[in-house]
Amino acid sequence: MVRSGGTRSNTRDMYSRPYRGHGMPSLSTYLTNFKVGDYVEIITNSAVQQGMPFKFYHGKTGRIFNISRGAVGVEVNKVVRNKKLAKRIHVRIEHVKKSRCTEELKTRVRSRDAMRREAREKGGE
């Protein structure tokens, strides 16, 4: 018999919920504020089937380009042969969480600016 390849094939571990993490998502998931340009991680929540992204996008990081009432538009890079294609998908907010990929850069910039400010004050005296 031929092996089937549906949209949710090979997702046994990918879509399984963690220990003691079953059930619907918490309220904080719905109260998170997103802005256009924010980096987000696409983490599929299998408890919510509506607005679920295709399995390829699970675990990918992208930027928000559009916001609607219950969903966000995310732009993700996908490597196809020798090209990087910018794919635009709409995903419900249950399947998205804010990324921390720019945190380290922001703290480095803040500390650098503070050091520059100190040096400017010392040099001016």
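Everything numeric here is computed off the predicted structure, so don't read it as measured data.

For the structure shown, the criterion picks out six salt bridges. With its nearest N and O atoms 3.9 Å apart, the salt bridge here joins Asp38 to Lys98. With Asp38 in the loop between helix H1 (27-31) and strand S1 (39-42) and Lys98 in strand S5 (residues 96-98), this residue pair connects regions lying 60 residues apart in the sequence. Given the relative accessible area of 19%, Asp38 is considered buried.

Take the pairing of S1 next. Residues in a regular strand project their side chains so that they alternate between the two faces of the sheet. On S1, burial follows the alternation: Val40 and Ile42 on one face are buried, whereas Tyr39 and Glu41 on the facing-out side are not. Here three bridges tie S1 to strand S2 (residues 61-67), and the two strands are oriented antiparallel to one another. What sits directly across from Tyr39, in S2, is Arg63. Here S1 pairs with S5 via three bridges, running antiparallel. Each residue of the ladder has a partner; that of Ile42, found in S5, is Val96.

Residue position: Asn45 is located in the loop between S1 and S2. Here Arg17 takes part through its side chain, which lies 3.4 Å from a polar atom of the side chain of Asn45. Of the polar contacts made by the side chain of Asn45, one reaches the backbone nitrogen of Ala47; its length is 3.1 Å.

This part covers unusual backbone geometry. Located in the positive-phi region is Asn10, a residue other than glycine, with phi close to 60°. Within the secondary structure, Asn10 sits in the segment before H1. The phi dihedral of Arg81 falls on the positive side, at around 55°, and the residue is not glycine. Mapped onto the elements of the fold, Arg81 is located in the loop between strand S3 (71-80) and strand S4 (83-92).

What follows is about the sheet that holds S2. Neighbouring strands of a sheet are bound in pairs by backbone hydrogen bonds; such pairs are parallel or else antiparallel. As summarised here, the arrangement of the five strands in space is S4-S3-S2-S1-S5, forming an open sheet in which the pairing is antiparallel. Looking at which strands have only one partner, the edges of the open sheet turn out to be S4 and S5. The average undirected angle you get between the axes of adjacent strands in this sheet is 45°. Here S3 runs beside S4; their pairing, made up of ten bridges, is antiparallel. What sits directly across from Lys78, in S4, is Leu85.

Let us look at the confidence of the model for the protein chain. The pLDDT averaged across the protein chain works out to 95; a share of 98% of its residues lies at or above 70. The least confident element of the protein chain is helix H2 (residues 103-124), whose mean pLDDT is 93; the most confident is S2, at 98.

Rules and cut-offs
Residues numbered from 1 in each chain as written. Predicted model: local features only at pLDDT ≥ 70, side-chain atom pairs only at ≥ 80, totals over all residues. Heavy atoms only, no water. Salt bridge = Lys/Arg side-chain N within 4 Å of Asp/Glu carboxyl O. Helix = DSSP H or I, 4+ residues; strand = E, 2+ residues; numbered from the N terminus. Buried < 20%, exposed > 50% of the residue type's maximum accessible area, 1.4 Å probe, protein only. Pairing = 2+ DSSP bridges. Polar contact = N/O pair within 3.5 Å; in protein donor to acceptor, adjacent residues only side chain to side chain. Axes fitted to C-alpha atoms, helices over the stretch in contact; angles between N-to-C directions. pLDDT = per-residue confidence, 0-100.

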